[in-house]
Amino acid sequence: MATDVPLTIMQTDLLTSLDTARFLHQLVDNHEDLLTRDDSPALYVGTGGSMLLYAHLFVATGDNRYAHSLYSLLDKAVTYLRERVMDTSLVGGFTGVGWLLQHLATLNLIDEDADTFTHLDGLVSQSVELDIRMRYYELMNGLVGKGLYCLSRGGVMDDTLRRVVEGLVQTADHRPEGLTWRYYGQAEERYSLGLSHGIPGVIAFLSRLLTRSFMPHIVRPLLIDTIRWLLSQENQAGQERHFPRFVPDRDPSRLGWCYGDMGVAIALWPAAQALNDDVLRQKAIQIMLTAAQCSVDQSGISMHPRWVDGAFCHGVAGIAHLFNRFYRATGDCRFDDAARHWLQLLLQSAACDSAGPYSTFRTLIHVNNAYDEQDRPIIEWKTLPTLLDGLSGIGLVLLSFAYPDVTDWDAPFLTDVHR
């Protein structure tokens, strides 16, 4: 149960792992009711995020309270899957639940039930064919997300993984600058440059395939041509950002996981590793260093007079995590400095939010896709429990700072980059 204890942080520019760990455990204890609510077990937007957080808290600390919360949520998830129908996606459907179950089995927290995975494997294989027909190629709702599930299964789903690659080849647009894919398979020639819904997600995924020498005769040229197209879309020198959110409209991007330069850099890094391309490696570093020089006011983050948006998706937690991951991949202390700067901002933002009985994090959301009479989206600040926009994702980011050995919970975000 919540303990109504205010969260506090040391007012210092140098946060230790112990400070962050203490803050994290208070955060999770204070929000137990929210994190363990009855809901869909969806990975990004349901209780799947809470299960992932509790699993890694238990592995990191050995505290049986976290194991109890994990297994209680798993029991509810089993009941939900028996009684309800889920969509096909990684973000909100059975593909994400399947990835989570495989991840928990890999951590030796659950047994790998053959019947359950046979059923899920079949569903994912069928959904790949639907994605190809609909031209849904991207991470959150399309082929790349299904491909990540296949990769997690350790070779069992290689036939389906081949269909994912064939589907990407089949649905690509061949442009003079290289290969690309239309946003949500639309008829118009509009292309997303976001990691969540766009071309960087394809690059990050293909890089993981090439690293594993999976279909290299197809994957390598596919990856090279996709990188060539992406780099051709870079803004002219002198602009604040390297890349826009979309082309051809070229609307400006912001800092964050979902869209913007940081997602491009975090996709190019494993591509450079897989291709052994020093020029591309330096390009990724250059893009990320530009992001590290960006102030909060320049970042595009949603801000309230008392706090900033804390979400992993489009808020401060995601920014801090991407810098932290890039520091670990490169060893460049400039990224460690940037990561800790944004971590400090995240924790100070929670400490400054006194609207509730205890400190929390908030994110700005579009409420139920509703619009007002002037056709403006209705938005509000809310505290959510989820991985994408709420406390589970923020908690796992804090866990990565507090316990540096915690890794690869972020594979569904394609941010699990390495040296």
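Residues numbered from 1 in each chain as written. Predicted model: local features only at pLDDT ≥ 70, side-chain atom pairs only at ≥ 80, totals over all residues. Heavy atoms only, no water.

By the naming in an unreviewed UniProt entry, the protein is Lanthionine synthetase, taken from Spirosoma montaniterrae.

Student: Before we move on, can you summarise the layout of surface pockets with the specific residues and values?
Tutor: The method is simple in principle: a probe with the dimensions of a water molecule rolls over the atoms, and the space it marks as empty is what remains. Roughly 680 Å³ of internal volume is contained in the largest pocket. If you trace the largest pocket, you find 20 residues lining it, with Ile365, His366, Val367, Asn369 and Asp389 closest to the centre. At 7 residues, the largest contribution of residues to the lining of the largest pocket is made by strand E5 (residues 363-371). (1 Å grid on protein atoms, 1.4 Å probe; cavity = no way out; pocket = protein on both sides within 12 Å on 5 of 7 lines; lining within 4 Å. Points joined across faces, edges and corners; volume = space filled by probe spheres on them. Helix = DSSP H or I, 4+ residues; strand = E, 2+ residues; numbered from the N terminus.)

Student: Describe the packing of aromatic side chains, naming the residues involved and giving the relevant values.
Tutor: All chains considered together, the criterion is met by 18 aromatic pairs. Between Trp307 and Trp381, the aromatic rings sit 5.8 Å apart at their centres with planes inclined by 85°, giving edge-to-face as the arrangement. In this pair, Trp307 sits in the loop between helix H13 (296-299) and helix H14 (316-330) while Trp381 sits in strand E6 (residues 377-382), placing the two residues 74 residues apart along the sequence. Grouping residues by exposure puts Trp307 and Trp381 together as buried. The rings of Tyr44, Trp257, Phe312, Trp409 and Phe413 are connected pair by pair, giving a single aromatic cluster. Above the plane of the ring of Tyr66 lies Arg65, whose end atom (NZ or CZ) is 5.2 Å from the centre. In this structure, Arg245 packs its charged tip against the face of Tyr259, placed 4.5 Å from the ring centre. (Phe/Tyr/Trp six-rings, centres within 6.5 Å; stacked < 30°, edge-to-face > 60°. Buried < 20%, exposed > 50% of the residue type's maximum accessible area, 1.4 Å probe, protein only. Lys NZ or Arg CZ within 6 Å of the ring centre and 35° of its normal.)

Student: Can you break down the environment of Glu177 residue by residue, with the values?
Tutor: Along the chain, the position of Glu177 falls in the loop between strand E1 (173-175) and strand E2 (178-180). Among residues more than four places away in sequence, those in contact with Glu177 are Asp225, Arg228, Trp229 and Ser232. (Contact = heavy atoms within 4.5 Å.)

Student: Would you mind going over the packing of helix H7 (residues 143-152) against helix H8 (residues 158-171) in detail, with residue names and values included?
Tutor: Packing of H7 against H8 leaves a shortest axis separation of 9 Å and a crossing angle of 155°. Relative to H8, the element H7 lies roughly antiparallel. Viewed along their axes, H7 and H8 form a crossing whose handedness is left-handed. Facing H7, whose interface residues are Leu143, Gly147, Cys150 and Leu151, H8 presents Thr160, Leu161, Val164, Gly167 and Leu168. Looking at side-chain class alone, the contact of H7 with H8 contains 6 nonpolar, 3 polar and no charged residues. (Axes fitted to C-alpha atoms, helices over the stretch in contact; angles between N-to-C directions. Parallel < 35°, antiparallel > 145°, perpendicular 65-115°, else oblique. Left-handed = near helix turned anticlockwise from the far one by under 90°. Nonpolar A, V, L, I, M, F, W, Y, C, P; charged D, E, K, R; others polar.)

Student: I'd like to hear about the UniProt feature "binding site: Zn(2+)" (unreviewed entry) in the protein, residue by residue, with values.
Tutor: Mapped onto this numbering, the UniProt entry annotates "binding site: Zn(2+)" (unreviewed entry) at Cys258, Cys313 and His314. Annotated residues spanning 57 residues; largest pairwise C-alpha distance 6.1 Å, indicating a single compact cluster. Lining residues of the largest pocket drawn from the annotated set just named are Cys313 and His314. Excluding anything up to four places from it in sequence, Cys258 contacts Gly194, Leu195, Ser196, Cys313 and His314. (UniProt positions renumbered as here; feature names shortened; annotations may be inferred.)

Student: Describe the confidence of the model for the protein, naming the residues involved and giving the relevant values.
Tutor: As a note on interpretation, predicted positions should not be read in detail where pLDDT is low. When pLDDT is averaged along the protein, the result is 92, and 95% of the positions lie at 70 or above. Ignoring residues within four places in sequence, the model shows residues 1-14, a span with pLDDT below 50, making 36 contacts including any to other chains. (pLDDT = per-residue confidence, 0-100.)

Student: Residues and numbers for the environment of His366, please.
Tutor: Along the chain, His366 falls in strand E5. When its relative accessible area of 27% is taken as the criterion, His366 is described as partly exposed. Separated by 90 residues in the primary sequence, His366 and Asn276 place their C-alpha atoms 42 Å from one another. Discounting residues that sit within four places of it in the chain, His366 has contacts with Tyr371, Pro377, Ile378 and Ile379. Looking at His366, its side chain comes within polar contact range of the main-chain oxygen of Ala370, at 2.7 Å. (Polar contact = N/O pair within 3.5 Å; in protein donor to acceptor, adjacent residues only side chain to side chain.)

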